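Here are the chains, one letter per residue:
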Amino acid sequence: PFTLNCHAWRHAKSSLRRFRVSFAGSQNGETRRLIHRAAVKLQDAGFTDLAVRFVVEDEARAKLAKEPASVLGAWFGDDVRSFDDLLLKSYFCLVLPGDVSDLAMRFFHALSAGCVPVIVGGPSTTVPLPFAEFVNYSRFARFAHVGDVSDAEQLLNSLQVEVDPTDSDPGHMEELLSEISG
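Structure report, in brief. In this text the structure is predicted, and so the values were computed from the model without any measurement.

Let's talk about the packing of helix α3 (residues 58-66) against helix α4 (residues 68-76)
Then, in step 1: Two numbers describe how α3 lies on α4: the axes approach to 5 Å, and their chain directions differ by 105°. One element, α3, and the other, α4, form an angle in the roughly perpendicular class. Across the interface between the two elements, Lys63, Leu64, Ala65 and Lys66 of α3 pack against Pro68, Ser70, Val71, Leu72 and Trp75 of α4.
Then, in step 2: Split into classes, the residues belonging to the contact of α3 with α4 amount to six nonpolar, one polar and two charged.

Notes on the packing of aromatic side chains
The geometry of two aromatic rings is summed up by the distance between their centres and the angle between their planes.
Then, in step 1: For the structure shown, the criterion picks out six aromatic pairs.
Then, in step 2: Aromatic pair Trp75 and Phe76: ring centres 5.8 Å apart, planes at 75°, arrangement edge-to-face.
Then, in step 3: Taking 5.0 Å as the distance between ring centres and 80° as the angle between the ring planes, the aromatic pair formed by Phe107 and Phe108 counts as edge-to-face.
Then, in step 4: With a relative accessible area of 3%, Phe107 lands in the buried category.
Then, in step 5: Among the aromatic side chains, those forming a connected cluster through ring pairs are Phe107, Phe108, Tyr137 and Phe140.

Things to note about the state of the cysteines
Then, in step 1: Under the criterion given, the structure shown has one disulfide.
Then, in step 2: Sulfur-sulfur distance for the disulfide between Cys93 and Cys115 comes to 2.1 Å. The disulfide joining Cys93 to Cys115 has a torsion of about 110° about its S-S bond and is therefore right-handed. Taken as a pair, Cys93 in strand β3 (residues 90-95) and Cys115 in the loop between α6 (100-112) and β4 (116-121) lie far apart in primary sequence, 22 residues in all.

Quick word on helix α7 (residues 149-161)
Then, in step 1: Here α7 contains 13 residues, and its C-alpha end-to-end distance of 19 Å stays within 8% of the 18 Å for a straight helix at 1.5 Å per residue.
Then, in step 2: Looking at α7, one finds that the buried residues are Val149, Ala152, Glu153, Leu155, Leu156, Leu159 and Gln160. All buried residues of α7 project into a common sector of 160° when viewed along the axis, lining one side. Across from the buried face of α7, at angles greater than 90 degrees, the exposed residues are Gln154 and Val161.
Then, in step 3: Among the structural elements, β1 (19-26), α2 (30-44), β2 (50-55), β3, β4 and β5 (142-145) are those in contact with the buried residues of α7.
Then, in step 4: Structurally, the start of α7 carries an N-cap: the backbone nitrogen of Ser150 is 3.1 Å from a side-chain oxygen of Asp148.

Quick look at the side chain of Glu153
Then, in step 1: Counting through the fold element by element, Glu153 comes out in helix α7.
Then, in step 2: Beyond its immediate chain neighbours, meaning those up to four positions away, Glu153 contacts Ala38, Lys41 and Leu42.

Quick notes on the rules
Residues numbered from 1 in each chain as written. Predicted model: local features only at pLDDT ≥ 70, side-chain atom pairs only at ≥ 80, totals over all residues. Heavy atoms only, no water. Axes fitted to C-alpha atoms, helices over the stretch in contact; angles between N-to-C directions. Helix = DSSP H or I, 4+ residues; strand = E, 2+ residues; numbered from the N terminus. Parallel < 35°, antiparallel > 145°, perpendicular 65-115°, else oblique. Contact = heavy atoms within 4.5 Å. Nonpolar A, V, L, I, M, F, W, Y, C, P; charged D, E, K, R; others polar. Phe/Tyr/Trp six-rings, centres within 6.5 Å; stacked < 30°, edge-to-face > 60°. Buried < 20%, exposed > 50% of the residue type's maximum accessible area, 1.4 Å probe, protein only. Disulfide = S-S within 2.5 Å. Expected span 1.5 Å × (residues − 1). Arc of directions from axis to C-beta. Polar contact = N/O pair within 3.5 Å; in protein donor to acceptor, adjacent residues only side chain to side chain.

Take a look at the structure:
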């Protein structure tokens, strides 16, 4: 459970965000496989602020669901004991195709943590957002499409060098987010 009250956006600048990009979850679907391969390649090349991890086997998925503190702590350090901790320490949060309810939850969870959601479509996947004719999501979220590993690498690289999204006026971000929070 989380609320979209923009509190995290007001305090985003003062919080310690040590990850540029984050995602933790299962590797179901082609888009997630592409992002996973690109992330491993970049992490092997020394990108230490890329917090992107996937579970593949059913046993690992079950452990992440049952014991997120131990799994996330082992992956990202002792100060990351929950998905909230991970999002609060990240500038950009990947929202990848998977389960439809998971997609919506990840999108709003990222927003509630003051993390810019990056909605990624894949080779055969588009991501429709509700009320798109009324809400200009591009004002507070990023959108990308990956068709192959090269596209995924390019996306992750571009997020590594994008200007810090918390440098913008938090009051302005709050105004933009009020479009969807009511």
